[in-house]
Amino acid sequence: MLQKIVFICFLLIPQILLADVTTKVDRNTVYQGQKLTLTIETDQADEIRPDLRPLQPAFNILGSRKVNVSSHSTGSVTNKTRWQLQLRPLSDGEQVIPSLQIGQERSTEIAISVLPAEDNPNFSSTGRSLFLELELNQDEIYLNAQAILKAKVFHLRPLPLDATLNLPQSDDLLIKMLEEQKQYTEIVRGQNFTVTETSYALFPNKEGLLEIDSITFTATQPGETLVELSSEPLILVAKPPAYKNSNNIWLPASSLAINDSLAEVTGIPRGEPLIRKISLEADGLPASVLPSIFELGGQQSSSQLLNVTLEETQTEHGISSTRIEEIQLRADQIGEMSLPAVDIPWWNTGSETGQTATLPEKVVKIAEGPAKASAPTQHSSMQNGNTGGSSNLLIWLLTGISIISTLGCIYSFSKLRSIQKDSQEKEQALEFEQHLRQQATSAIAEKNTFQALSMACNQNNPEIAQLRLIEWGQSFWNDSNLINLELFCEKANNQTINFLVLDLEQHLYGSSSEPWQGDLLLEAIERIRFRQQRQFLDLEEGDEKFSYIT
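Quick caveat: nothing in here was measured; it's all calculated off a predicted structure.

J.: What is the right way to look at the overall build of the protein chain in this model?
T.: Across its full length, the protein chain carries nine helices and 29 strands. For the protein chain, with 550 residues in total, the buried portion stands at 34%. For the protein chain, the accessible surface area stands at approximately 33300 Å², while carbon and sulfur atoms represent 52% of it.

Right, dumping it as structure tokens:
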């Protein structure tokens, strides 16, 4: 009897563990290549993450999100933690989402059906003649290291002139476009496709799982049909630095070298300036992260940093950067002036080893300058007998040298000021250019998302309109946290928008029998865009008037 009781308790243990966890998916049937959302809700209040390792053999984990949910009832408050996982099955057929461990609890298994991609009715002849693929050269890199992302558009016919491909977006990555688009041919399923390829260099500035937003390609096909292709979001893992050093320098690169323009120099006149140029060259790093050589070199008090130049070269293999520092040296003592060695530690991403780039120590010999010529001795002046003419000549000579030296100092000071001013102007121009590029990218993204929203509204498709409305709101207000219609209405702060979104949700989740009409929603969005553009034009006009008055 006791054995039966123990056996029954053992059977009830899994039910007890599963009682506080609910698991569901947004759909139980998907086509291969599509994604689904797994939602796990638990009443645990701690910060324990689900163990996702059981998913890896059968699914790609595209992203995860944690939401804290609070529900209030009479006299009580219930707090729950909700995890939403974006999954993509790796193969078709009948699949099972395995049970996941969350602290002391486990989720339930869920069965799903994955149909072959060729059975998808949306995979039409247009889809076969035009499709988008992304290729990331590595899924896991070090912090600040370089990854290469390639966006490939496969097409059988030439792309129209209005074809656009938006830049990838991420708050945790520095993204730079590499070279211009290139084209080549590739055979896919027996057909000769033209491939238009665009490459980007990605540099993570944060550790952990980083998400790269989907890339959208839009073009107008014959018959004024707007075609939109969107990729799935990508996940990039950024590892922490492999080591730490006293200078807190972390430079992961494929190659790094330091060079000096100063050859072996002897006999430099005392007091005269000597210009030294030191360059630091790296492959696989942006120029903005290259450290200051002047500060690392322990320069003497008589040295001065005149100018810093940052250069970047984009190729299909990535970014090559150069930092050039122009240093002025001045020796006040006769003899030898030692220029200390410079050591820059860096991490070789190819061999996975730590290395050091070294600029060896150099010695410059300082000689007596012409301005310090010795005066005649008393003995020689007595031998010459006639010192009056020689003294006047010496006075005039010293006066002339003093004037020349003064003019040289004034010129050097003026030249230094000019160099510093040019450097500041270059930095300001670079910042302004980056600002213009960001504005242009945001404008293109907003235009593309609005066109997609217009197409969904004109087709009276509420499901697609809901998704495109959120995407447009993220681009228009530059807010990636705008993830649902409730946040969209808060951002719009417009009573008309509230009523139209409520009507959209009624057709999506209610029991309305009438078909949804998207023309009113589209008109309201157009009015919001018009007011925003009008405000921007008024602001620009005000800036011009202010500049004229000042």
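Next comes the rest of the description.
J.: Teacher, can you tell me more about a nonpolar patch on the surface here?
T.: A cluster of nonpolar side chains, Leu394, Leu397, Leu398 and Ile401, forms an exposed patch at the surface whose accessible area comes to about 320 Å². Examined against the element boundaries, Leu398 turns out to sit in helix α5 (residues 388–458).

J.: Can you walk me through the packing of aromatic side chains in this structure?
T.: One pass over the structure, following the stated rule, counts 13 aromatic pairs. When the centroid spacing of 5.4 Å and the interplanar angle of 70 degrees are considered together, the rings of Phe131 and Phe193 count as edge-to-face. With Phe131 in strand β10 (residues 130–136) and Phe193 in strand β15 (residues 191–204), this residue pair connects regions lying 62 residues apart in the sequence. The burial state of Phe131 is the same as that of Phe193; both residues are buried. Ring centres of Trp472 and Phe488 lie 6.2 Å apart, and the angle between their planes is 55 degrees; on these two criteria the pair is classed as tilted. Remark: Phe488 occurs in helix α7 (residues 485–492) and Trp472 occurs in helix α6 (residues 462–476); sequence separation between them is 16 residues.

J.: Sorry if this is basic, but what is going on with the pattern of salt bridges here?
T.: Between side chains of opposite charge, a pair can form as their charged atoms come close. Enumeration according to the criterion identifies 14 salt bridges in this entry. A salt bridge links Lys362 to Asp260; its shortest N-O distance comes to 3.4 Å. Note that Lys362 is positioned in strand β29 (residues 362–367) and Asp260 in strand β21 (residues 255–260), a separation of 102 residues in sequence. Its relative accessible area of 19% is what places Asp260 among the buried residues.

J.: Would you mind going over the packing of α7 against helix α8 (residues 495–509) with me for this structure?
T.: When two helices pack together, their arrangement is given by the angle between their axes and by how far apart the axes lie. It is the contact of α7 with α8, at a shortest axis distance of 10 Å, that shows an interaxial angle of 165 degrees. If you check the angle between α7 and α8, you find them roughly antiparallel. Once α7 is placed against α8, the crossing between them reads as right-handed. Along the contact surface, α7 presents Leu485, Phe488, Cys489 and Ala492, while α8 presents Ile497, Asn498, Val501, Leu504 and Glu505.

J.: Any chance you could explain the side chain of Gln466 here in plain terms?
T.: Of note, Gln466 is situated in helix α6. Ignoring anything within four residues of it in the chain, the contact list for Gln466 reads Leu485, Leu504, Leu508 and Tyr509.

J.: Can you walk me through the sheet that holds strand β20 (residues 252–253) in this structure?
T.: Whenever strands of a sheet pair, they do so through backbone hydrogen bonds, lying parallel or antiparallel. Strand order across the open sheet formed by three strands is β20-β27-β28, with mixed pairing between neighbours. The open sheet has two free edges, formed respectively by β20 and β28 (353–359), since each of these has just one partner strand.

J.: Which parts of the structure should I look at to understand the environment of Glu316?
T.: For Glu316, the position within the fold is in the loop between β24 (304–315) and β25 (318–330). Considered as a pair, Glu316 and Ile148 are 168 residues apart in the sequence and their alpha carbons are 8.7 Å apart. Here Glu316 is in contact with Ile148, Leu178, Glu179 and Lys182, once residues within four sequence places are set aside.

J.: How should I be thinking about the side chain of Lys176 in this particular structure?
T.: Locating Lys176 in the fold gives a position in strand β14 (residues 173–188). Take Lys176: its relative accessible area is 18%, and that puts it in the buried class. Here Glu312 takes part through its side chain, which lies 3.3 Å from a polar atom of the side chain of Lys176. Filtering out sequence-adjacent residues up to four positions away, Lys176 remains in contact with Ser199, Tyr200, Ala201, Phe203, Pro286, Glu312 and Ile319.

J.: What is the right way to look at the sheet that holds strand β9 (residues 110–115) in this model?
T.: One open sheet accounts for three strands, arranged β2-β9-β6; its pairing is mixed. Either end of the sheet is taken by a strand with one partner, and the two such strands are β2 (29–31) and β6 (93–97). Between one strand axis and the next, the sheet turns through 35 degrees on average, direction left out of account.

J.: I would appreciate a short explanation of unusual backbone geometry in the present structure.
T.: Positioned with a positive phi, Asn460 is a non-glycine residue whose angle comes to about 55 degrees. By the element assignment, Asn460 lies in the loop between α5 and α6. Of note, the phi angle at Asn493 is positive, near 55 degrees, even though the residue is not glycine. Topologically, Asn493 is positioned in the loop between α7 and α8. Among the residues examined, Asn493 registers a relative accessible area of 70% and is labelled exposed.

J.: Sorry, what's going on with the confidence of the model for the protein chain here?
T.: Detailed reading of the predicted coordinates is not advisable wherever pLDDT is low. This prediction gives the protein chain a mean pLDDT of 79; 82% of its residues lie at or above 70. Per-element confidence in the protein chain ranges from a low mean pLDDT of 42 for helix α4 (residues 378–384) to a high of 94 for β20. For the stretch residues 371–385, pLDDT sits under 50, and the model shows four contacts to residues farther than four places along the chain or on other chains.

J.: What exactly am I supposed to notice about α6 here?
T.: Residue pairs spaced three or four apart in an α-helix point in one direction, given the helix's 3.6 residues per turn. Look at α6: 20 Å from first C-alpha to last across 15 residues, which is about the 21 Å you get at 1.5 Å a residue. Listing the buried residues of α6 in full gives Pro462, Ala465, Gln466, Arg468, Leu469, Ile470, Trp472, Gly473 and Phe476. One or two residues past the end of α6 sits Asn478, with phi positive at roughly 55 degrees.

J.: Help me understand the pairing of β21 in this model?
T.: Taken residue by residue, a regular strand's side chains alternate between the two faces of the sheet. Only one face of β21 is covered, namely the face carrying Leu256, Ile258 and Asp260; the face carrying Ser255, Ala257 and Asn259 is uncovered. For β21 and strand β23 (residues 273–283), the ladder comprises six bridges, and the chain directions are antiparallel. Looking across to β23, one finds that Ser255 is bridged to Asp283.

J.: Hey, could you run me through α8 in this one?
T.: In this model α8 runs 21 Å from its N-terminal to its C-terminal C-alpha over 15 residues, within 8% of the 21 Å that 1.5 Å per residue would give. Two or three places before Thr496, at the start of α8, stands the capping residue Asn494, its side-chain oxygen 2.9 Å from that residue's backbone nitrogen.

Reading guide: rules and limits
Residues numbered from 1 in each chain as written. Predicted model: local features only at pLDDT ≥ 70, side-chain atom pairs only at ≥ 80, totals over all residues. Heavy atoms only, no water. Helix = DSSP H or I, 4+ residues; strand = E, 2+ residues; numbered from the N terminus. Buried < 20%, exposed > 50% of the residue type's maximum accessible area, 1.4 Å probe, protein only. Areas by Shrake-Rupley, 256 points an atom, 1.4 Å probe, with all protein chains shown as cover. Patch = residues over 30% accessible without salt bridge, like charges linked within 9 Å, V, L, I, M, F, W, Y side chains within 5 Å. Salt bridge = Lys/Arg side-chain N within 4 Å of Asp/Glu carboxyl O. Phe/Tyr/Trp six-rings, centres within 6.5 Å; stacked < 30°, edge-to-face > 60°. Axes fitted to C-alpha atoms, helices over the stretch in contact; angles between N-to-C directions. Parallel < 35°, antiparallel > 145°, perpendicular 65-115°, else oblique. Left-handed = near helix turned anticlockwise from the far one by under 90°. Contact = heavy atoms within 4.5 Å. Pairing = 2+ DSSP bridges. Polar contact = N/O pair within 3.5 Å; in protein donor to acceptor, adjacent residues only side chain to side chain. pLDDT = per-residue confidence, 0-100. Expected span 1.5 Å × (residues − 1).

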